[in-house]
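Next come the chains, spelled out residue by residue.
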Amino acid sequence: MTNHGETAGPFENGENRDFSGVGSGAGTGTGAGAGSGGPAEAAFGGRDVHDAQVTLRTPAELADALPYLLGYRPEDSMVLVALHDTDGPGRFGGRARLGIPASEDDWGAAARQLARGLVLGSERRGARAERMVAYVCQEPRAGESGQDVMRRLGPLAQLLRTECGSLDVPVVEALCVSDGRFWSYVCPVDACCPAEGTVMGLPGTSVLAAAATYAGLQVRGTLRELRARMLPWETSAALEQEVALDAAGLSLVPRILEEASREEVAEETLDLAERIIRRFAEAPPVSGTHPADLRDDTLLAHDEAAALILGLQDRTTRDRAAAWMEGDEAGPALRLWRAVARRCVGPYREHAAAPLTLVGWVAWSTGDELEAREALAMALGADPDYLFARLLHQACNEGIDPEAVRRCLRVERANRLRGTTPQETADTEPDAAAPPAPADPASTSASSSGPDDQAHGDDPAEGAAAPPMVPNSRRRRRGRPSGHTGPGGPGPTRADTGRRRPPHQRRDASSTAPTRPGNARRDATRTCATDRENK
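Basis of the calculations
- Residues numbered from 1 in each chain as written.
- Predicted model: local features only at pLDDT ≥ 70, side-chain atom pairs only at ≥ 80, totals over all residues.
- Heavy atoms only, no water.
- Helix = DSSP H or I, 4+ residues; strand = E, 2+ residues; numbered from the N terminus.
- Buried < 20%, exposed > 50% of the residue type's maximum accessible area, 1.4 Å probe, protein only.
- Contact = heavy atoms within 4.5 Å.
- Areas by Shrake-Rupley, 256 points an atom, 1.4 Å probe, with all protein chains shown as cover.
- Pairing = 2+ DSSP bridges.
- Core = buried A, V, L, I, M, F, W, Y, C linked by side-chain atoms within 4.5 Å.
- Phe/Tyr/Trp six-rings, centres within 6.5 Å; stacked < 30°, edge-to-face > 60°.
- Expected span 1.5 Å × (residues − 1).
- Salt bridge = Lys/Arg side-chain N within 4 Å of Asp/Glu carboxyl O.
- Bend = angle between axes of the 7 residues up to and from the residue.
- Axes fitted to C-alpha atoms, helices over the stretch in contact; angles between N-to-C directions.
- Parallel < 35°, antiparallel > 145°, perpendicular 65-115°, else oblique.
- Left-handed = near helix turned anticlockwise from the far one by under 90°.
- pLDDT = per-residue confidence, 0-100.
- Nonpolar A, V, L, I, M, F, W, Y, C, P; charged D, E, K, R; others polar.

*Asks:* Got a minute to help me understand the overall build of the chain in this structure?
*Replies:* Secondary structure assignment for the chain yields 19 helices and ten strands. Looking at the chain as a whole, 57% of its 535 residues are labelled buried. Restricting to contacts in the chain with at least 6 residues of sequence separation, those with at least 24 account for 72%. Accessible area for the chain stands at about 21,500 Å²; split by element, carbon and sulfur atoms hold 51% of it.

Printed below as a string of structure tokens:
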């Protein structure tokens, strides 16, 4: 799904946001619309709109459509779907999702944020929503039934209706989905929407499911299952990985801190990544995401993962690694960055920001915006101040074409291969420019920092100069003296490395960047989005 940039602030640590949407017949998206008393027509992109058009007339069909509108099966979610052209054939517009806040005291703020984000975002794109369909989705708690959930979430559904109404966008249907059933908060006809709820159809058996399959659209599992592919290990092997990270930190961190050896570490990191990408590419395919991830874990040794995790903390190295973003390299690279993120265990969890950002970038570059948003949001959850993830996440939300960033990375990669300086390229490659800047976050509803869909907009030091990203050896371990980094003895800690210096102590980025031809940072000429982080 593409081209929707409403951002929203965090609830429940921010791990509960998703914003997506398309226009009618756009790319790989889903367009549709409905009137309050007429049918809704779902048209799937990628084919002629009349070849894959489904008419939705009942609450049951709208409930069945939700996973196909989002691309996954929502859990613990409040969702709004915009409707356009309701006097004509109709089409679905943008979709917005927030996790249901744990505290009922936060429901009003969440409903207001969700409604304003979708309505105002649609207006910015020149297609104001005319009506809305609202969903609340949650599984029963212990001792609850689906009907109990429906009653408990009734006030939340009413808040969504009220907030949309205050923006002159009426909610024409409000549904609760729980325990394999759905209820309508709008339909009073017991024969249509009985009090005990209506059983949902089996997944994949509806006309809409057949049309989605024909159009080449895939409905994944839940966001929880998607995030699980990038979460740190919690198995017995995590301790072995932590020991490997301790050992690698003792040898790599001092070399990264030294100007003379930093470039050497960068080359070693990138050479290692390239070898492992080839290894992943040569491995026979495995069916199923979980078995495939387990297989990838066996292809990556503990010491290799540790070297990559620490090496990628350097911004220049990470930016160069982002060039594996398309063609035959993209798939194995995406698998590698997922595997590396899973190895950021224990006190090294914050280090996952770099590989998670690479997961998000490669996923976005290859057209998988759902995984891109999740990975970039998880990167911000690991390190809320990670500006590269924030910029990419906001650009993805704003519907900016990643080709602008790809073009910039291609030029820089070509420069390195032929030894051309960035200044020379600036004189001969005027098109290697950054993508259009995302909309000012202050003009959207709010900004956020957690793993579902967010892009910080209230960065207090976004314009300050910053030194190259140098990894702290590790975060301080619980119960150990300051400065201890592993069995080998003391090493630099977070305070030693100066990863986040006060603004008045920060060095100018141009004075610390590598000076090797083709690798030097472009000052006034380089405008790639990945370079904003050092400005």
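Having seen it, we continue.
*Asks:* Is there a simple way to think about the pairing of strand E5 (residues 77–84) in this case?
*Replies:* Within a regular beta strand, the side chains point alternately toward one face of the sheet and then the other, so they alternate between its two faces. Counting buried positions over the eight residues of E5 gives eight, a clear majority of the element. Burial along E5 is two-sided: Ser 77, Val 79, Val 81 and Leu 83 facing one way and Met 78, Leu 80, Ala 82 and His 84 facing the other are all buried. In this sheet, strand E6 (residues 91–99) lies alongside E5 in antiparallel orientation, the contact comprising seven bridges. From the neighbouring strand, His 84 faces E6, where its bridge partner is Arg 91.

*Asks:* I tried to follow the pairing of strand E9 (residues 181–184) on my own but got confused; where do I start?
*Replies:* Sheet topology places strand E8 (residues 171–178) next to E9; four bridges connect them, and they run antiparallel. Within E9, the residue paired with Val 177 across the bridge is Phe 182. The loop that links E8 with its antiparallel partner E9 comprises two residues; one of these, Asp 179, has a positive phi angle of about 55°. The pairing of E9 with strand E10 (residues 198–199) spans two bridges and is antiparallel. Bridge pairing in E10 places Arg 181 opposite Val 199.

*Asks:* It is not clear to me how the nonpolar core should be interpreted in this structure. Could you clarify?
*Replies:* Across soluble globular proteins, you tend to see nonpolar side chains buried next to one another. Core analysis: the largest hydrophobic core is formed by 63 residues, its most contacted members being Leu 300, Leu 308, Trp 324, Leu 336, Trp 337 and Trp 361. For this core, the elements supplying multiple residues, two or more each, are helix H7 (237–257), helix H8 (259–282), helix H10 (302–311), helix H12 (327–342), helix H13 (353–365), helix H14 (369–382), helix H15 (387–397) and helix H16 (403–418). Dropping the residues within four chain positions of it, Leu 336 is found in contact with Ala 273, Ile 276, Ile 277, Phe 280, Leu 300 and Leu 308. The next biggest cluster of nonpolar side chains, apart from the first, holds 29 residues, and it includes Met 78, Ala 82, Trp 107 and Leu 160.

*Asks:* Before we go on, may I ask you to explain the packing of aromatic side chains in this structure?
*Replies:* Working definition: an aromatic ring pair is given by the centre-to-centre distance plus the angle between the planes. This structure, assessed with the given rule, holds two aromatic pairs. Summarising the aromatic geometry, the rings of Trp 324 and Trp 337 are spaced 6.4 Å apart at their centres and angled 40° between planes, so their arrangement reads as tilted. In this pair, Trp 324 sits in the loop between helix H11 (315–321) and H12 while Trp 337 sits in helix H12, placing the two residues 13 residues apart along the sequence. With respect to burial, Trp 324 and Trp 337 carry one shared label: buried. Centroid distance Trp 361 to Trp 364: 5.8 Å. Interplanar angle 75°. Geometry classified as edge-to-face. One end of the pair, Trp 361, and the other, Trp 364, are both in helix H13, three residues apart, so they sit about a helical turn from each other. Across the pair, exposure class does not vary: Trp 361 and Trp 364 are buried alike.

*Asks:* Please explain H16 as it appears in this structure.
*Replies:* Working note: α-helix, 3.6 residues per turn, so residues spaced by three or four point in the same direction. Compared with an ideal rise of 1.5 Å per residue, which puts 16 residues at 22 Å, H16 spans 22 Å between its outermost C-alpha atoms and is within 8% of the ideal. Every buried residue of H16 is accounted for by Ala 404, Val 405, Arg 406, Cys 408, Leu 409, Val 411, Glu 412 and Asn 415. Gly 419 lies just past H16 and shows a positive phi near 70°.

*Asks:* How should the pattern of salt bridges be read in this particular structure?
*Replies:* A side chain of one charge can pair with a side chain of the opposite charge when the charged atoms of the two come close. One pass over the structure, following the stated rule, counts 26 salt bridges. Among the ionic pairs, Arg 338 bridges to Glu 371, the shortest N-O distance being 2.7 Å. You can see Arg 338 sitting in helix H12 and its partner Glu 371 sitting in helix H14, a full 33 residues away along the chain. For the pair Arg 338 and Glu 371, one class covers both residues: buried. In this structure, a network of salt bridges that share partners links the residues Arg 229, Asp 293, Asp 297 and Arg 342.

*Asks:* Got a minute to help me understand H7 in this structure?
*Replies:* Helix length check: H7 (21 residues) gives 29 Å between terminal C-alpha atoms against 30 Å at 1.5 Å per residue, within 8%. In H7, a bend of some 40° at Gly 249 exceeds every other bend along the element. Buried residues of H7: Ala 238, Gln 241, Glu 242, Ala 244, Leu 245, Asp 246, Ala 248, Gly 249, Leu 252, Val 253 and Ile 256, and no others.

*Asks:* For this particular structure, what's the right way to read the side chain of Ser 365?
*Replies:* With respect to the secondary-structure elements, Ser 365 resides in helix H13. Once residues lying within four places of it in the same chain are set aside, the contact partners of Ser 365 are Met 325, Pro 402 and Arg 406.

*Asks:* Sorry if this is basic, but what is going on with the packing of H13 against H14 here?
*Replies:* Helix-helix packing: each pair is described by the crossing angle between the helix axes and the interaxial distance. At a minimum axis distance of 7 Å, the contact between H13 and H14 shows a crossing angle of 160°. Of the possible angle classes, the one that applies to H13 and H14 is roughly antiparallel. For the element pair H13 and H14, the recorded crossing hand is left-handed. For the pair formed by H13 and H14, the contact residues are Ala 353, Leu 356, Thr 357, Val 359, Gly 360, Trp 361, Ala 363 and Trp 364 on the first element and Glu 369, Glu 371, Ala 372, Ala 375, Leu 376, Met 378, Ala 379 and Ala 382 on the second.

*Asks:* Before we go on, may I ask you to explain the confidence of the model for the chain in this structure?
*Replies:* Low pLDDT means the predicted atomic positions in that stretch should not be read closely. On average, the chain scores 73 in pLDDT, and the residues at 70 or more come to 66%. Contacts of residues 1–51 to residues separated by more than four positions or lying in other chains number 209 contacts, the stretch itself having pLDDT below 50. Ignoring residues within four places in sequence, the model shows residues 422–535, a span with pLDDT below 50, making 285 contacts including any to other chains.

*Asks:* What should I look at first to understand the environment of Leu 83 in this one?
*Replies:* Relative to the helices and strands, Leu 83 is located in strand E5. Residue classification places Leu 83 among the buried residues on the basis of a relative accessible area of 0%. The spacing of Leu 83 and Val 169 is 86 residues in sequence and 9.5 Å in space, taken between C-alpha atoms.

*Asks:* So what exactly am I meant to see when it comes to the packing of helix H9 (residues 289–298) against H12 here?
*Replies:* It is at 10 Å that the axes of H9 and H12 come closest, and there the two elements cross at 75°. Overall, the two elements H9 and H12 adopt an arrangement that is roughly perpendicular. Within the contact between the two elements, H9 uses Asp 293, Arg 295, Asp 296 and Asp 297 and H12 uses Arg 335, Ala 339 and Arg 342. A per-class count over the contact of H9 with H12 returns one nonpolar, no polar and six charged.

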